[in-house]
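Given next are the chains, with one letter for each unit.
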Amino acid sequence: MIKLFGYTPDGAVVNSYELRNKKGMELNVINYGATVASLKVPLKTGEFIDVVLGFENLEGYIKSFQLKGAPYFGATVGRFAGRINNSTFDLDGKTILLNKNNNNHSLHGGIANFSQKVWTVDTINEGNNPSISLSCLSPDNDENYPGDLSIKLTYTVSEENELIIEYHATTSKDTIVNLTHHSYFNLDGHKSDVLEQELIVNSKKRLETTDENIPTGKFLNTVDSSFDFSRPKKCPSEIDTTFVLENKEEFAATLFNPKNKLKMTVYTNQAGVHIYVGGNCFNEIKGKENGAYNSVSGICFETQNFPDAPNHKHFPNSVLKKEAVYNHKTIYKFQSL
């Protein structure tokens, strides 16, 4: 089902696209930022829970980027997720200076990032495992990144109640790429915060960062620390941390709501999962169902390469060579227990 969602200030049309599997799990995507606007998951009771934060209209999404801390609700993040120190990196013997949008640093792709672009909807497949594919062309020197970068993104709602996200990208010049998905999950819908929901992170290491959340290059052991989520712990009220994923065959993280017995498991082929509790709208914009989103309304599982990877040779390589293909797959699997 396709519906008009609104118009951007320059007149571009934004639609919403609805996909539903045989079990009733329903995904709603808007082509502004290739954003997941809602994700309704069935419970054994027959109820449906919308497990992602968002807005009822396009104006809310556009206005949210003017908040003092843009929440990026449900958005596709790029060209580079996370921070790049001093907005600079070296590539092929040249120093690239990116636009600054987070103090002296570049965050989530810069000022006019992928989360605020109107994407093109290429295909919609209904029936079993319904899917939608969107594309975006980021031209050479967009936010000062080199190369024409072509991105294809596919969302699939599997019959096993999974949201599968697949990214593919190619470039006309060597460049850096690090895409991620930025939904804030709350397995209780919009009824409460996430502080009573239980978090597991399948990781023994995290990135050490400075006061400005820039990686130092060091890895810290999480075992027996406050960042040890190897066993279920209630969601912290503050976290903004990249965890290292050493076994791609295993799950990355889980979230469980004891109240309605809904569980989400995250799988990815990426090097890390950045976990962030936030999404504050500071009472300036109302969320869905007239929700007053605050700093503990949702939790992000940003599967990605490490922030500032271009500036650390021992971090996983973030360079996409000309004629190579960037591939990223992440799965959010839901189970009503």
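To be clear, the structure that these remarks concern was listed above.
All of the points below concern the structure found in this document. Bear in mind the structure is a predicted one, so any value in this text is a computation, not a measurement.

Thresholds applied
Residues numbered from 1 in each chain as written. Predicted model: local features only at pLDDT ≥ 70, side-chain atom pairs only at ≥ 80, totals over all residues. Heavy atoms only, no water. Helix = DSSP H or I, 4+ residues; strand = E, 2+ residues; numbered from the N terminus. Rg over C-alpha atoms; globule rule 2.2 N^0.38 Å. Buried < 20%, exposed > 50% of the residue type's maximum accessible area, 1.4 Å probe, protein only. Contact = heavy atoms within 4.5 Å. Areas by Shrake-Rupley, 256 points an atom, 1.4 Å probe, with all protein chains shown as cover. Polar contact = N/O pair within 3.5 Å; in protein donor to acceptor, adjacent residues only side chain to side chain. Core = buried A, V, L, I, M, F, W, Y, C linked by side-chain atoms within 4.5 Å. Pairing = 2+ DSSP bridges. Axes fitted to C-alpha atoms, helices over the stretch in contact; angles between N-to-C directions. Patch = residues over 30% accessible without salt bridge, like charges linked within 9 Å, V, L, I, M, F, W, Y side chains within 5 Å. Salt bridge = Lys/Arg side-chain N within 4 Å of Asp/Glu carboxyl O.

1. Focus on the overall build of the protein chain
In step 1: Secondary structure summary: the protein chain contains one helix and 28 strands in total.
In step 2: By the compact-globule yardstick of 20 Å for 337 residues, the protein chain fits well, its C-alpha radius of gyration being 19 Å.
In step 3: A principal-axis box enclosing the C-alpha atoms of the protein chain has dimensions of 60 × 50 × 40 Å.
In step 4: Here the protein chain holds 337 residues, and 58% of them are scored as buried.
In step 5: Pairs at least 24 apart in sequence give 67% of the contacts found in the protein chain among residues at least 6 apart.
In step 6: Roughly 14300 Å² of accessible area belongs to the protein chain as shown, and the carbon and sulfur atoms make up 46% of that amount.

2. Some remarks on the side chain of D308
In step 1: Mapped onto the elements of the fold, D308 is located in the loop between strand 26 (298–304) and strand 27 (319–320).
In step 2: One polar contact links D308 to H312, side chain to side chain, over a distance of 3.0 Å.
In step 3: Not counting the four nearest positions on each side in its chain, D308 is found in contact with F80, R83, I84, N85, I214, P215 and F315.

3. Points about the environment of N86
In step 1: With respect to the secondary-structure elements, N86 resides in the loop between strand 7 (83–84) and strand 8 (88–91).
In step 2: With 122 residues separating them in the primary sequence, N86 and E208 have C-alpha atoms 17 Å apart.
In step 3: With near-sequence residues (within four places) excluded, N86 lies in contact with L97, K100, N104 and H105.

4. Quick look at the nonpolar core
In step 1: Core analysis: the biggest nonpolar cluster contains 55 residues, and V51, Y155, F301 and F334 have the highest contact counts within it.
In step 2: It is strand 13 (residues 149–157) that provides the largest number of residues to this core, a total of five residues.
In step 3: When neighbours within four sequence positions are excluded, F301 is seen to be in contact with H181, S183, F185, L199, A253, L255, M264, V266, V273, H274, I275 and Y332.
In step 4: In this structure, L58, F73, V77 and Y293 belong to the second largest nonpolar core, which totals 22 residues.

5. Quick notes on the sheet that holds strand 23 (residues 253–257)
In step 1: Spatial ordering of the open sheet is given by 11-12-13-14-28-24-23-18-21, a layout of nine strands whose pairing is antiparallel. Each having just a single partner strand, strand 11 (120–125) and strand 21 (233–234) make up the two edges of the open sheet.
In step 2: Strand direction decides the pairing type here: strand 13 and strand 14 (residues 162–171), joined by nine bridges, are antiparallel. Pairing of L153 across the sheet is with Y167, part of strand 14.

6. With respect to the sheet that holds strand 3 (residues 26–30)
In step 1: One open sheet holds the five strands; their spatial order is 1-2-3-4-5, and the pairing between them is antiparallel. The sheet is open, and its two edges are formed by strand 1 (2–7) and strand 5 (48–50), each paired on a single side. Averaged over neighbouring strand pairs, the angle between their axes works out to 20° when direction is ignored.
In step 2: In terms of strand pairing, strand 3 meets strand 4 (residues 35–42) through five bridges, oriented antiparallel. By the bridge assignment, N28 is partnered in strand 4 with S38.

7. Some words on the pairing of strand 3
For a regular strand, the rule is simple: side chains alternate between the two faces of the sheet.
In step 1: The buried fraction of strand 3 is high, at five of five residues.
In step 2: Residues of strand 3 alternate between two faces, with E26, N28 and I30 on one and L27 and V29 on the opposite face, all of them buried.
In step 3: Taken together, strand 2 (residues 13–20) and the strand that follows it, strand 3, pair antiparallel across an intervening segment of five residues, in which G24 is found at a positive phi of about 95°.
In step 4: Hairpin connection between strand 3 and strand 4: a loop of four residues separates the two successive antiparallel strands, and G33 in this loop has a positive phi of roughly 70°.

8. Comments concerning the environment of F334
In step 1: On the secondary structure map, F334 appears in strand 28 (residues 326–336).
In step 2: Among the residues examined, F334 registers a relative accessible area of 3% and is labelled buried.
In step 3: Remark: the alpha-carbon pair of F334 and N104, spanning 230 residues in sequence, is separated by 39 Å.
In step 4: What F334 contacts, discounting residues up to four positions off in sequence, is M25, L39, V41, V51, E160, N161, F185, L187, K263 and M264.

9. Structural notes on the pairing of strand 13
In step 1: Within strand 13, seven of the nine residues are buried, which leaves the element mostly enclosed by the surrounding structure.
In step 2: Where strand 12 (residues 131–138) and strand 13 come together, eight bridges link them in antiparallel fashion. Paired with L134 across the two strands is L153, which belongs to strand 13.
In step 3: Two successive antiparallel strands, strand 13 and strand 14, enclose a turn made up of four residues, where N161 displays a positive phi of approximately 60°.

10. Comments concerning a nonpolar patch on the surface
In step 1: Side chains of L4, Y7 and V13 sit close together on the surface and give an oily, nonpolar patch of about 310 Å² of accessible area.
In step 2: By the secondary structure assignment, Y7 is in strand 1.

11. A look at unusual backbone geometry
In step 1: Each neighbour pair has its own omega, and for G78 with R79 the value is 5°, a cis peptide bond.
In step 2: Relative to the elements of secondary structure, R79 occurs in the loop between strand 6 (75–77) and strand 7.
In step 3: Located in the positive-phi region is E143, a residue other than glycine, with phi close to 55°.
In step 4: Residue position: E143 is located in the loop between strand 12 and strand 13.
In step 5: On the basis of relative accessible area, E143 is assigned to the buried category, the value being 10%.
In step 6: One non-glycine residue, N161, lies in positive phi territory at about 60°.
In step 7: Considering the arrangement of structural elements, one finds N161 in the loop between strand 13 and strand 14.
In step 8: The buried category is assigned to N161, whose relative accessible area is 9%.

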